[in-house]
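# Fold and contact review
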Amino acid sequence: MLGINQETLAEVAAESIGKINPNSTNAKRWINAIAKAVVEIENNPFMTWQPESHSLLMLSDSGNIYTANGTCQCKAYEQGYPCKHRAAARLIVRYQEKAN
Ligand SMILES: [Zn+2]
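Residues numbered from 1 in each chain as written. Predicted model: local features only at pLDDT ≥ 70, side-chain atom pairs only at ≥ 80, totals over all residues. Heavy atoms only, no water.

## Regarding the pairing of strand β2 (residues 55-59)
Sheet topology note: the strand β1 (residues 47-50)/β2 ladder contains four bridges and is antiparallel. Paired with W49 across the strands is L56, a residue of β2. With antiparallel pairing between neighbouring strands as the criterion, β1 and β2 make up a hairpin whose turn holds four residues, including H54 at a positive phi of roughly 50°. Pairing of β2 with strand β3 (residues 65-68), which is carried by four bridges, proceeds in the antiparallel orientation. Directly across from M58, in β3, lies its bridge partner Y66. Connecting β2 to the next strand, β3, in antiparallel fashion are five residues, including G63 with a positive phi near 90°. (Pairing = 2+ DSSP bridges. Helix = DSSP H or I, 4+ residues; strand = E, 2+ residues; numbered from the N terminus.)

What follows is the structure, encoded as structure tokens:
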């Protein structure tokens, strides 16, 4: 995504990981999802924040397009697991709060 400050993003990611209860069911999956989301935000040029719907539109490496906020359309989400798309959407929200 264009114009992302990597230091701010790293701070936001560290804070998000810090807020995860390590004993919660999907803690490890969320931590993985956040780590993948950071890579994705830094490297995926086909990603755009949609302020009207508060959602993140992204082209995934699977070739699918996902619109993520609290929900997603990917297989992980269908199976009830955390996914990098939702993690990325959450990181972008927190990033914007921090940047403003
Ligand atoms: Zn997803």
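After presenting the structure, the write-up continues.
## Quick notes on the nonpolar core
Most often, soluble globular proteins have nonpolar side chains that are buried together. M1, I4, I41, M47, L56, L91 and I92 are the most contacted members of the largest nonpolar core, which totals 27 residues. Contributing elements (two or more residues each) for this core: α1 (6-18), α2 (27-43), β1, β2, β3 and α4 (84-99). (Core = buried A, V, L, I, M, F, W, Y, C linked by side-chain atoms within 4.5 Å. Buried < 20%, exposed > 50% of the residue type's maximum accessible area, 1.4 Å probe, protein only.)

## Side note on the sheet that holds β2
Strands sit in the order β1-β2-β3 across an open sheet of three strands; the sheet is antiparallel. This sheet does not close on itself; its edge strands, each paired only once, are β1 and β3. When the angles between neighbouring strand axes are averaged without regard to direction, this sheet yields 15°. (Axes fitted to C-alpha atoms, helices over the stretch in contact; angles between N-to-C directions.)

This is a description of form; function is not addressed.
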